[in-house]
Amino acid sequence: MLLKLKYDSRSVRAPVISKVAIEENALINIIEAKVEPRFGEIVVEVDDEIAERVAEKFKKYGVEVRKLTKSIEKSEKCVDCGACISVCPTGVFERGEDDRIVVNEVKCIRCGFCVGVCPLNALKLPE
Amino acid sequence: MKTVEEINEKIREGNVNVVTALEMKEIVAELGAKEAAKEVDVVTTGTFGAMCSSGAFFNFGHSDPPIKMQRVWLNDVEAYTGIAAVDAYLGVTQLSETLGMEYGGAHVIEDLVRGKEVELRATAYGTDCYPRKEIVTEISLEDVNQAVMVNPRNAYQRYRAATNSSDRVLRTYMGTLLPNFGNVTYAGVGELSPLNNDPEYRTIGVGTRIFLGGAKGYVIGEGTQHSPPFGTLMVKGNLKEMKPEYLRAATFPGYGVTLFVGIGIPIPILDEEMAKATAITDDKIETVIIDFGVPRRDRPIVKRVTYAELKSGKVEINGEDVRVSPLSSYYMSKKIAEELKRMIERGEFFLTMPVERIPQKEVFKPMRQREIKVVKSVMSSPAITISPEASIEEAARILIENEINHLPVVNERGELIGIVTSWDIAKAVARGKIGKVEDIMTRKVITTTMEEPIEIAARKMEQHEISALPVVDKDNKVVGIVSSEDLSKLLAR
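Residues numbered from 1 in each chain as written. Chains lettered and ligands numbered in written order. Predicted model: local features only at pLDDT ≥ 70, side-chain atom pairs only at ≥ 80, totals over all residues. Heavy atoms only, no water.

J.: Help me get a handle on the interface of chain B and chain A, residues and values and all.
T.: Tallying the contact residues gives 28 residues for chain B and 23 residues for chain A. On the surface where chain B and chain A come into contact, there are 1 salt bridge. Here A:Asp99 ties to B:Lys334 by a salt bridge, and the two come within 3.0 Å at their closest N and O atoms. Our enumeration of links across chain B and chain A arrives at 16 residue pairs in polar contact (both at pLDDT 80 or more). The set of elements that each furnish at least two residues to the side of chain B that touches chain A consists of strand S15 (184-186), strand S19 (247-252), strand S24 (320-326) and helix H7 (330-345) of chain B. When residues in the side of chain B that touches chain A are grouped by element, the largest group, 5 residues, is from S19(B). Grouping the amino acids of the side of chain B that touches chain A by side-chain chemistry returns 16 nonpolar, 7 polar and 5 charged. (Contact = heavy atoms within 4.5 Å. Salt bridge = Lys/Arg side-chain N within 4 Å of Asp/Glu carboxyl O. Polar contact = N/O pair within 3.5 Å; in protein donor to acceptor, adjacent residues only side chain to side chain. Helix = DSSP H or I, 4+ residues; strand = E, 2+ residues; numbered from the N terminus. Nonpolar A, V, L, I, M, F, W, Y, C, P; charged D, E, K, R; others polar.)

J.: So what's going on with helix H8 (residues 392-402) of chain B? Residues and values would help.
T.: Since the α-helix advances by 3.6 residues per turn, residues separated by three or four positions end up pointing in the same direction. Residue and element names in this part refer to chain B. Turning to H8, its buried residues number three or more, namely Ile392, Ala395, Ile398 and Leu399. One side of H8 carries all its buried residues, which in axial view fall inside an arc of 125°. Residues of H8 that are exposed and angled more than 90 degrees away from the buried face: Ile400 and Glu401. Those residues of H8 hidden inside the fold are in contact with strand S25 (406-410), strand S26 (416-421), helix H9 (422-430) and helix H10 (437-440). In the stretch just after H8, Glu403 is the one whose phi turns positive, near 50°. (Buried < 20%, exposed > 50% of the residue type's maximum accessible area, 1.4 Å probe, protein only. Arc of directions from axis to C-beta.)

J.: Give me the lowdown on the domain arrangement of chain B, citing residues and values where you can.
T.: All names here are of chain B. Here chain B is partitioned into domain 1 (4-52 + 150-345), domain 2 (61-144) and domain 3 (375-491). Its C-alpha centre places domain 1 at a distance of 32 Å from the equivalent point of domain 2. Domain 1 puts 20 residues into the contact, and the matching count from domain 2 is 17 residues. Taken together, the two surfaces of domain 1 and domain 2 that pack against each other cover about 1500 Å², and 69% of this comes from carbon and sulfur. Per-residue buried area on domain 1 facing domain 2 is highest for Leu239, Lys240 and Val257; these three make up 37% of the total on that side. (Domains from an automatic or database assignment. Buried area = accessible area lost by both parts, 1.4 Å probe.)

J.: Any details on the side chain of B:Glu452? Residues and values, ideally.
T.: Residue and element names in this part refer to chain B. Counting through the fold element by element, Glu452 comes out in the loop between H10 and helix H11 (454-464). Within polar-contact distance, the side chain of Glu452 engages the side chain of Thr448 at 2.7 Å. Look past the residues within four positions of Glu452 in its chain and what remains in contact with it is Lys373, Val374, Val375, Thr447, Ala457 and Lys460.

J.: I'd like to hear about the pattern of salt bridges, residue by residue, with values.
T.: Residues and elements named next belong to chain B. Under the defined criterion, the tally for this structure stands at 37 salt bridges over all chains. With a closest N to O distance of 3.3 Å, Lys436 and Glu389 form a salt bridge. A residue pair is termed long-range when its members are at least 10 positions apart, and Lys436 in the loop between H9 and H10 and Glu389 in the loop between H7 and H8 qualify at 47 residues. Take Lys436: its relative accessible area is 33%, and that puts it in the partly exposed class.

J.: Quick one: what's the story with the layout of surface pockets, residue by residue and with numbers?
T.: Residue and element names in this part refer to chain B. Estimated volume of the largest pocket: approximately 1200 Å³. Residue lining of the largest pocket: 38 residues in total, with Tyr156, Tyr159, Arg160, Tyr173 and Gln225 positioned closest to the centre. Of all the elements in the fold, those that place two or more residues in the lining of the largest pocket are strand S2 (42-50), strand S11 (146-154) and strand S21 (286-291). Its residues placed into classes, the lining of the largest pocket shows 21 nonpolar, 10 polar and 7 charged. Among the elements of the structure, strand S13 (170-172) and H11 are those that each provide at least two residues to the lining of the second largest pocket. With 6 residues, the top contributor of residues to the lining of the second largest pocket is H11. Of the residues belonging to the lining of the second largest pocket, the class tally is 10 nonpolar, 7 polar and 9 charged. Two domains each provide a minimum of three residues to the lining of the second largest pocket, namely domain 1 (4-52 + 150-345) and domain 3 (375-491). (1 Å grid on protein atoms, 1.4 Å probe; cavity = no way out; pocket = protein on both sides within 12 Å on 5 of 7 lines; lining within 4 Å. Points joined across faces, edges and corners; volume = space filled by probe spheres on them.)

J.: Can you tell me about helix H12 (residues 484-491) of chain B, naming the residues and giving the values?
T.: All names here are of chain B. Those residues of H12 that sit buried are Asp486, Leu487 and Leu490. Across the axial projection of H12, the buried residues extend over an arc of 90°, all falling on one side. Lining the buried residues of H12 we find H11 and strand S28 (478-483).

J.: A description of the environment of B:Ile135 should follow, citing residues and the corresponding values.
T.: All names here are of chain B. Here Ile135 lies in strand S10 (residues 134-139). Overall, the relative accessible area of 15% leaves Ile135 in the buried class. Spatially, the C-alpha atom of Ile135 lies 32 Å from that of Val235, the residues being 100 residues apart in sequence. Non-local contacts of Ile135, meaning those with residues more than four positions away in its chain, are made with Ser63, Ile67, Leu120, Arg121 and Ala122.

J.: For the packing of aromatic side chains, give the residues involved together with the corresponding values.
T.: Inspection of the entire model under this criterion finds 8 aromatic pairs over all chains. A centroid spacing of 5.9 Å and a plane angle of 5° characterise the contact between B:Phe58 and B:Phe60, whose relative ring orientation is stacked. Summarising the burial analysis for this pair, B:Phe58 and B:Phe60 share the class buried. Clustering of aromatic rings is evident, with ring pairs tying together B:Tyr173, B:Tyr255 and B:Phe292. In this arrangement the basic side chain of A:Arg95 is found over the ring face of B:Tyr330, its NZ or CZ atom lying 4.3 Å from the centre. The cationic tip of B:Arg299 hangs over the ring face of B:Phe292; the distance from NZ or CZ to the ring centre is 4.3 Å. (Phe/Tyr/Trp six-rings, centres within 6.5 Å; stacked < 30°, edge-to-face > 60°. Lys NZ or Arg CZ within 6 Å of the ring centre and 35° of its normal.)

J.: Break down the environment of B:Arg71 for me, citing the residues and quoting the values.
T.: All names here are of chain B. Topologically, Arg71 is positioned in strand S4 (residues 71-74). On the basis of relative accessibility, which here comes to 38%, the residue Arg71 falls in the partly exposed class. For the pair Arg71 and Ala122, spaced 51 residues apart in sequence, the C-alpha to C-alpha distance is 5.5 Å. Aside from chain neighbours lying at most four places away, what touches Arg71 is Glu78, Thr81, Glu97, Arg121, Ala122 and Thr123. A polar contact is formed between the side chain of Arg71 and the side chain of Glu78, at a distance of 2.8 Å.

This is how it looks when you write it as structure tokens:
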């Protein structure tokens with residue numbers, strides 16, 4: 001599961017991810033990070049089973065947590081060309097049996113790179 | 001042996017046997033070409049991909065008082081008016097003057113085909129016969145006299161696939177290319193594509209009736225840049241009859257606007273030879289993967305591949321599996337071949353033989369140029385350089401004495417290891433930093449070479465927001481320096 005962590009000016013200076021990883025014995029994969037002197041936004045991936053308690057721990061250390069459950073969405077504007085297939089780092093897009101483009105939502109890590117690649121502007125990353 | 005007249009008679013009688021190109025591969029594999037030729041009358045092909053060399057002629061009718069349009073815009077996208085008073089040609093890649101790459105000629109065409117109104121704005125110099133100097137109005141496809149799609153180059157038989165050896169993401173007409181051979185993109189639908197099923201152009205030629213954008217259209221000749229086996233077609237059709245499903249405006253990010261065009265061509269199976277031709281499979285259709293990391297006309301070939309390999313979704317480059325993206329829609333291409341098959345079966349579409357063959361041999365020449373200016377001709381040489389051990393004061397003195405802003409830093413062998421600019425020194429001074437050049441120099445230096453065209457050097461500076469490039473030889477030794485002022489003097493002319 002993907003968690004979006006929001007740090008304020010205080011929590012952004014603490015090694016929160018390391019603390020949570022050690023204390024919860026959790027593997028935390030950083031997908032996206034934007035860290036500034038007084039603020040930070042990090043997207044991490046953790047196993048579904050431990051997501052709940054990892055999220056609670058982050059909250060305890062003063063980090064705001066939001067679960068990212070929505071993945072990339074393909075609209076009816078799609079013409080099934082496949083320009084998205086090779087740019088996705090996790091292989092979300094595939095050509096299906098009938099040659100239409102299939103979206104494997106569970107693989108999406110919400111990096112958003114494909115949104116700026118689609119010639120038909122048919123991909124959106126819902127908040 | 002069959003003739004097109006005999007096939008058309010069968011269409012009229014309702015007992016024609018039409019199959020798609022994909023079905024034909026299986027039939028020939030099963031029955032052999034000779035039997036398949038007796039069995040099958042028509043093979044339908046299809047393709048649906050971005051075709052930049054497309055557009056439409058319009059005749060808007062005359063205003064009162066009349067105007068001889070000198071310039072005309074449809075939804076802020078300019079069309080070409082260097083023809084009669086109210087005739088214009090709108091190209092699909094032309095960009096909106098207000099929205100840029102978000103909206104272009106292709107979008108205007110799609111909007112019109114969807115039945116929407118667009119704003120027409122025109123200006124003129126005014127004459128005795130055409131006194132009006134400007135007009136702004138709304139038009140739809142119903143309002144104009146003619147709207148004729150005329151596409152100078154469509155339906156590429158095959159196309160060079162693309163990859164990128166450079167270290168940055170490239171935004172190209174072949175889509176987004178990831179750095180370090182991160183992906184491959186290719187266009188065309190191989191064995192389903194019209195010209196691959198008639199590679200000698202026996203039945204596809206001037207006058208061939210085709211499916212274009214959901215309506216009937218015609219081949220009017222070979223397309224521009226036609227060079228078999230990279231054959232192309234010039235086509236026309238009535239935009240008023242077309243369907244939006246088969247004409248889709250698109251933007252290739254960082255490149256521009258284009259139009260996905262749907263084309264289907266029926267191929268009459270006149271004899272065994274035609275049955276054999278339409279049995280072609282992807283593993284027999286070859287192309288090359290070229291490197292867009294080299295920004296030159298003749299991009300190096302990375303690998304030879306077949307459409308079967310490309311279609312598999314992975315190709316090997318330098319020992320690694322690289323993922324492949326198609327840019328043409330197989331789904332839509334199949335749909336077009338099937339739709340055309342239905343139209344023929346229902347007796348709505350009859351075949352034609354070409355009135356003239358298109359060339360089976362043709363060379364695609366490069367542009368004749370006066371000269372290609374290279375960095376060597378404009379660089380300052382030798383470049384004034386400095387050692388990494390030198391003091392910041394020393395660097396400042398050299399910059400001032402020579403009235404320059406950039407100092408390449410070289411080691412004792414003359415190899416480039418960094419660069420300091422007057423701005424780096426100003427920053428160091430402002431922060432009270434004293435020390436050596438190596439403490440403040442930039443280590444990742446963007447460079448050029450003596451033989452690099454100046455346009456490419458200029459683009460490097462623009463992309464990295466810098467104003468000079470050290471010129472290095474193959475051993476990374478500094479042989480000169482070129483600044484944006486040196487280049488702008490030449491490029492502005």
